Structure formats: C-alpha cells, structure tokens
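One-letter residues, chain by chain:
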Amino acid sequence: PIKLSHFMSSPSQNHPPGTGTDSAPADMDAGGLLEFRASWGVFLLFIMLNTALLVAVKEGGQLLNAADGGSWYNPARALLEYGAFVKLDDPATPMTYRQPLYPLFEAALLWLGGGVSLVPLVVGQIAVLWVTGLFARAMVNAWLPGYGVAALALVVFNPNALATVHLVQSDTLYALFITACLWAVLGYAREPSLRPALLGGLFLGLSCLVRPTAQYLIFLLPLLLPLLALAGSGGRSFAVRIGQGMTAAVVAGTMALPWMIHNVQAGQGFALSTPATKLVYLRDNVAYLEKYATGVSLAEADRKTFGREAAFEEAQGPAWETLSDYERQTAMLDYYTRAFFSYKFPVIAKGYVYSWGQFFGAAGAANFHNLLGLDAPSAFTTMREKNFESHLGSVLDALKRSPPAAMAISVTALVFVIALRGLGLIGLAWMFMKRHYAVLLACAGLITYFAVLHLFAGNSRYRLPVDPALIFLALYGVDGLRARLCREG
C-alpha cells in the first residue's frame, strides 16, 4: 500500500526504478534529521510570512480584491443562512453556477468567524497550501531523493500561491486535490495496486467538486494508469491495470454524481457545469479570437461580441421571449460554438501562443498589489483597455508606471517564474535521460491538459493547480545541472 507517511520519511528510503537502496543507516538517519529540521524551518518562515500578510491586509480586502469572490462567497453565505445550496437573494432557486465543495469549506470557516470575519477562511486556506506542499514534498522525494524540502518551499512560497490563499477564491483548495491526485497516480506508477488507483480517483473526483476543469481526466484514467505503470515499474498484466484504472474512474465519477443529479433537479441538465457557466467560458474565448482576428483591444472585442449576441437574440423574434433561461443559454451556447469555429486556424493558433505565454509566464504579482493596497496598474487591465497584442507589452507598460514597492514585488515574482520555466525545460530532458518516463508522462500531460483546456484566457490563476508539477520539472532541471557540474568537476 502507498502511504503518504512512507513518502514523507527519509528520502534515502525512496528510490526511482533502477537505482539501488543500499546506504548506511547513519546516513539515512542524518538525512532524515536534516530534512526534518529544514521542513520545520520552512514551516516557521511560512507562518511568519502569512501572519504578516494577515495583519497587512484590511478586513474585507480578501473578498474585495478577489476577481470572482462573490460567486463563491454568496453560496457560502446561503449555506449559513438557509442550510442549502440555494441563491442567496432567492432561496427558492437552487444554486448551480458553482460547484459545492469550496462553498462548503468556506461556510464552515466563516461559521468559525461568526459569519462575519474572513480571517478563519484565510487561515484555513493557509493550512491547505501547507498540505499541498507536503504532498509535493512526498511526491518529489519518491523520485528525486533529497529534493523534497526544496519542493515544499517552492510550493508554499510560490508568489502565485502565496497571494491567492489570502483571497476568497477556490483555487487553493483546487490545487490541493490536483496535487494529491498527481501524488497518487505517481505512487501507482511505482507500485501498481488498487489502493493508489482508488486514491487517485478519489482526489480527482473531489477536485471536480471544486472546479470542473479536470472532469475529462476521469475518462482517461482507464488508459492513463496502465501507461503510468508500464512507464514506471512493469509487472502485472495490462488487463489488471485497465481494470484498476476503470475502478479509479468509477470512484471519481461517483464523487461527482450527486452534484450532477442536483443540477438535473434544478433543471440545468446532467452535467457538472451548467449552461450559464459554459456560456461565460465560451463567450470570453470568442472575444479573445475577435481581438486577434481584428487587431482591436480586448475591451473593444468584448463590445463587438456582445453586440453580435444582441443581434442574434433580436433575430429570433418573439419566440425568444417564450424560452426559459435554460433554453436561451443552450441556444446561445450553440451560437457561440459556431462563432468559435468560424475563425480561421491561424487566428486560433495565434490565440493559443499568446495564451500559453501568459499561462506559463504570468507572475501573479497583481494579487499582492491589490491586497497590500499598492497603487499599481494592472497588466491585465492595461492589455484589456489598450491594444497590446500580447501580455508582455502590457506587463512592461504596467511596470514602467508602478511605484517602487509594486515593481519590486513584480520583478521578484517574474524572476521566480522565469527561473522555474528555464529549469523546467532542462528538467524535461533530464527526466528522459534518467528514464523517469512515468513522471514525464504524468507531469507534462497534466500541464498540457490545463494549458490546452483554458484556451485563450491563460493566466497565473489557471496555472496554480499545476504549479507543483512545474516545480517538479524545475527540480529535475536542478538535478540535471548538478549532475553535469559533478561530471565536469
């Protein structure tokens, strides 16, 4: 059985396939003690830094500065007030716009604060980020012994994550379950058995109850787990592994099923995401395509997109007024789907290139600016209002107009991101050279999945669930450079 406590023991006890396990007990004890002390050092610094942020951020700023915080906060408030997933301003109508797990988490912590203070919620999210770091440490130690504490530190001090835990947003909880799922499936790659397969399915299912992005991975589990086992350890027959993958998929689907039934009963269809949610997602991405196709600002592209939507509604005639909200949203989804595929391939490719630049390169410093009340221009707002073709131009423009404190935060976060991306590219090659194909498949596959699925709206927030995987790649890069220096020495 794969136990988290096993991976959290001395890194000398965990070894990638094909390496030996012989080492002196004294070395193992010394290594374990060093890791223990280093982890405690990281923990104390983590607590001190977050305590300082808690003091610095004004009460209420955690919600005010969260882009879509109200869409998560209102369901939690409704849970406290009515004890059900209903709309806060209309308790007779079921709440379907958001998935249920974060509002539950949020409501429980708000209750501890008397239903008023947001501080217990932030403290809970700080704890969640720390646990995410522990999963990352365990995962890295299993394949790169000795790098676990570095993984822990990079995950919990990641500027993108550190600012997000102080906002009313679901991303921190979502990142926990995605990281735990990655830990479980990589544990399966080392020791294929039913238990890590079930844990992978459980964590994946829980992630879908926070945000629906990973739901399509459920259908890949019956193939993914056998491939990971084949790449990682060999052993049992492929048929047994497929069966374990199917079992994991059933567990994940079972976790998501109650919310899908809830949506059916609310008249929103048998799905994790309602038409209203899908419509926002598709409309935003069509606006990006319009920007890249016509060379206008994103704000102007939005206006043109909404104008065409209004024209579509008007063209439907009096019959449009007789439709229910669900029917209108479904019809609008069909309209935007056709609009999406009306753009030529070069425009779509261009959108992906710029989106991936933002997805992999955005630093997430704007959240710090907002939380600390720094008078700094937002790179996203700059890009939206001005006609910058890519985010890089808007970032440079915003930096020029930022006060020194905001610039220092932005530069620090940018250096962090750029260094990790460079090391990650080296890490991809080093994984291949070390024949750690399971890690390569799991991490690169997960990162690619999220980068592709967010289409043209890539940003640092959407990268957060795969930041631990990107950090894993970077640590392989460090290991590769270290091996090279040792050979040259």
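Everything below is about the structure shown above.
Quick caveat: nothing in here was measured; it's all calculated off a predicted structure.

How each quantity is defined
Residues numbered from 1 in each chain as written. Predicted model: local features only at pLDDT ≥ 70, side-chain atom pairs only at ≥ 80, totals over all residues. Heavy atoms only, no water. Helix = DSSP H or I, 4+ residues; strand = E, 2+ residues; numbered from the N terminus. Buried < 20%, exposed > 50% of the residue type's maximum accessible area, 1.4 Å probe, protein only. Contact = heavy atoms within 4.5 Å. Areas by Shrake-Rupley, 256 points an atom, 1.4 Å probe, with all protein chains shown as cover. Phe/Tyr/Trp six-rings, centres within 6.5 Å; stacked < 30°, edge-to-face > 60°. Pairing = 2+ DSSP bridges. Core = buried A, V, L, I, M, F, W, Y, C linked by side-chain atoms within 4.5 Å. Axes fitted to C-alpha atoms, helices over the stretch in contact; angles between N-to-C directions. Left-handed = near helix turned anticlockwise from the far one by under 90°. Nonpolar A, V, L, I, M, F, W, Y, C, P; charged D, E, K, R; others polar. Salt bridge = Lys/Arg side-chain N within 4 Å of Asp/Glu carboxyl O. Disulfide = S-S within 2.5 Å.

1. A look at the overall build of the chain
Secondary structure summary: the chain contains 24 helices and two strands in total. Counting over 489 residues, the chain shows a buried share of 51%. Pairs at least 24 residues apart make up 75% of the contacts formed inside the chain by residues separated by at least 6 positions. As presented, the chain carries roughly 21,500 Å² of accessible surface, and 67% of it is formed by carbon and sulfur atoms.

2. Examining the packing of aromatic side chains
Enumeration according to the criterion identifies 24 aromatic pairs in this entry. Ring geometry for Phe 340 versus Phe 456: centroids 5.8 Å apart, planes at 20°, classification stacked. Within this pair, whereas Phe 340 is found in helix 16 (residues 325–340), its partner Phe 456 is found in the loop between helix 22 (437–453) and helix 23 (460–463), the two being separated by 116 residues in sequence. Just as Phe 340 is buried, Phe 456 falls in that class too.

3. A closer look at the pairing of strand 2 (residues 90–94)
Where strand 1 (residues 86–87) meets strand 2, two bridges bridge the pair, whose relative direction is antiparallel. Each bridged residue has a counterpart across the sheet, and for Val 86 the counterpart in strand 2 is Pro 94. Between strand 1 and strand 2, which pair antiparallel in sequence order, lie two residues.

4. Some remarks on the nonpolar core
Residues Trp 143, Leu 182, Phe 203, Phe 450 and Phe 472 are the most contacted members of the largest nonpolar core, which totals 110 residues. If you tally residues by element for this core, the top one is helix 9 (residues 171–190), at 15 residues. Ignoring sequence-local partners within four residues, the contact set of Leu 182 consists of Met 139, Ala 442, Cys 443, Leu 446 and Ala 469.

5. Considering the packing of helix 6 (residues 119–143) against helix 24 (residues 467–488)
Where helix 6 meets helix 24, the axes come as close as 11 Å, and the angle between the chain directions of the two elements is 35°. With respect to the hand of their crossing, helix 6 and helix 24 are arranged in right-handed fashion. Within the contact between the two elements, helix 6 uses Thr 132, Met 139, Val 140 and Trp 143 and helix 24 uses Pro 468, Phe 472, Leu 475 and Tyr 476. Split into classes, the residues belonging to the contact of helix 6 with helix 24 amount to seven nonpolar, one polar and no charged.

6. Description of the pattern of salt bridges
Under the criterion given, the structure shown has 12 salt bridges. As a salt-bridge pair, Arg 328 and Glu 321 come within 3.5 Å of each other at their nearest N and O atoms. Arg 328 sits in the partly exposed class, given a relative accessible area of 23%. Taking the relative accessible area as the measure of exposure, Glu 321 reaches 59% and is therefore exposed. Measuring nitrogen to oxygen at the nearest pair gives 3.8 Å for the salt bridge that ties Asp 479 to Lys 434.

7. Re the state of the cysteines
Tallying each qualifying case throughout the model produces zero disulfides. For the unlinked cysteine Cys 181, the closest cysteine sulfur is that of Cys 208, found at 9.1 Å. Assessed through its relative accessible area of 10%, Cys 181 is described here as buried.

8. Side note on unusual backbone geometry
Both trends apply: most residues other than glycine have a negative phi, and most peptide bonds are in trans. Although it is not a glycine, Arg 435 sits at a positive phi angle of roughly 65°. With respect to the element layout, Arg 435 can be found in the loop between helix 21 (404–434) and helix 22. Taking relative accessible area as the criterion, Arg 435 reaches 62% and is therefore assigned exposed. Backbone geometry at Leu 455 places phi at a positive 50°, although glycine is not the residue there. The residue Leu 455 is located in the loop between helix 22 and helix 23 in this model.

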